[in-house]
Amino acid sequence: MPALERGLAKSGRDTKDFPISFSGLVATGDTDEELADATRKVRGQIAFYGSTPAYRGVLELHGWGELQSELNALPRRGVGEDGRTDRGRRAQCFQYRRRTKDVGGVVRARLNDVISRFSIYAPYALSDDVRQAIVSGLRS
């Protein structure tokens, strides 16, 4: 953000004149089973991304660079990318995991002072009703 703010200032603008979009991984459900299934799928997606060398820098930013090599080796060892090595605390850094009614509030609390637009990224099917509930929570 400081680099973005400096660049905008050079052109006489600030962040309120510059929309910032973010696509966040969302694990949600209205039952324990739905939430567990969504969490497993999101962690698998995180593990997949983390396994690629291009994401080592993102992991290093958090002090987890070694995790990239570990995730990269999973498919070669015949282990699926189910996120088991994604160790809860790390997964929480990259996902929004809450009941459907609470997702919007969690995103707002974490990103409201930074972003102006949020895109729901879910590597599983979300009904229109669930998407609308998340959007409503983002707007409140």
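See the structure shown above.
The sections below set out a description of the structure shown in this document. (Residues numbered from 1 in each chain as written. Predicted model: local features only at pLDDT ≥ 70, side-chain atom pairs only at ≥ 80, totals over all residues. Heavy atoms only, no water.)

Quick look at the sheet that holds strand S1 (residues 21–29) now. Sheet strands line up and pair through hydrogen bonds in the backbone, either parallel or antiparallel. Pairing in this open sheet of three strands is parallel, and the strands run S2-S1-S3 from one edge to the other. The outermost strands of the open sheet, each flanked by one partner alone, are strand S2 (95–99) and strand S3 (117–121). Mean inter-strand twist for the sheet, computed between neighbouring axes without regard to direction, equals 40°. Examined bridge by bridge, S1 and S3 share five bridges and lie parallel to one another. For leucine 25, the partnering residue across the bridge sits in S3 and is tyrosine 121. Sheet strands in contact with helix H2 (residues 32–51) are S1, S2 and S3, and its direction is about 140° off that of S1. (Pairing = 2+ DSSP bridges. Helix = DSSP H or I, 4+ residues; strand = E, 2+ residues; numbered from the N terminus. Axes fitted to C-alpha atoms, helices over the stretch in contact; angles between N-to-C directions. Contact = heavy atoms within 4.5 Å.)

Moving on to the environment of arginine 43. Within the secondary structure, arginine 43 is located in helix H2. On the basis of relative accessible area, arginine 43 is assigned to the partly exposed category, the value being 22%. Expressed as a C-alpha distance, the spacing of arginine 43 and leucine 25, which sit 18 residues apart in the sequence, is 9.3 Å. (Buried < 20%, exposed > 50% of the residue type's maximum accessible area, 1.4 Å probe, protein only.)

In this structure, the second largest pocket occupies an estimated 210 Å³ of space. Lining of the second largest pocket is provided by Val107, Arg108, Leu111, Asn112, Ile115, Ser116, Arg117, Phe118, Val135, Leu138 and Arg139. Among the secondary structure elements, those contributing two or more residues to the lining of the second largest pocket are helix H6 (100–111), S3 and helix H7 (128–139). Its residues assigned to classes, the lining of the second largest pocket shows six nonpolar, two polar and three charged. (1 Å grid on protein atoms, 1.4 Å probe; cavity = no way out; pocket = protein on both sides within 12 Å on 5 of 7 lines; lining within 4 Å. Points joined across faces, edges and corners; volume = space filled by probe spheres on them. Nonpolar A, V, L, I, M, F, W, Y, C, P; charged D, E, K, R; others polar.)

Moving on: the nonpolar core. Val26, Phe118 and Tyr124 are the most contacted members of the largest nonpolar core, which has 19 residues in total. Elements represented by at least two residues in this core include exactly S1, H2, H6, S3 and H7. Beyond its immediate sequence surroundings of up to four residues, phenylalanine 118 is in contact with Phe22, Gly24, Val26, Tyr96, Val107, Leu111 and Leu138. (Core = buried A, V, L, I, M, F, W, Y, C linked by side-chain atoms within 4.5 Å.)

Take the side chain of glutamine 45 next. In this structure, glutamine 45 sits in helix H2. Those residues in contact with glutamine 45 that lie beyond four places of it in its chain are Leu25, Tyr121 and Pro123.

Once that is clear, we can look at the packing of aromatic side chains. This structure, assessed with the given rule, holds five aromatic pairs. Taking the centre distance of 6.5 Å and the plane angle of 50° together, the rings of tyrosine 49 and tyrosine 121 count as tilted. Of this pair, tyrosine 49 sits in helix H2 while tyrosine 121 sits in strand S3; the two residues are 72 residues apart in sequence, bridging distant segments of the chain. Ring geometry for tyrosine 96 against phenylalanine 118: centres 5.8 Å apart, planes inclined by 90°, an arrangement best described as edge-to-face. Of the two residues, tyrosine 96 sits in strand S2 while phenylalanine 118 sits in strand S3, which places them 22 residues apart along the sequence. Taken individually, tyrosine 96 and phenylalanine 118 each receive the classification buried, so the pair is uniform in this respect. Three or more aromatic residues link up through ring pairs in this structure, and these residues are Phe48, Tyr49, Tyr55 and Tyr121. (Phe/Tyr/Trp six-rings, centres within 6.5 Å; stacked < 30°, edge-to-face > 60°.)

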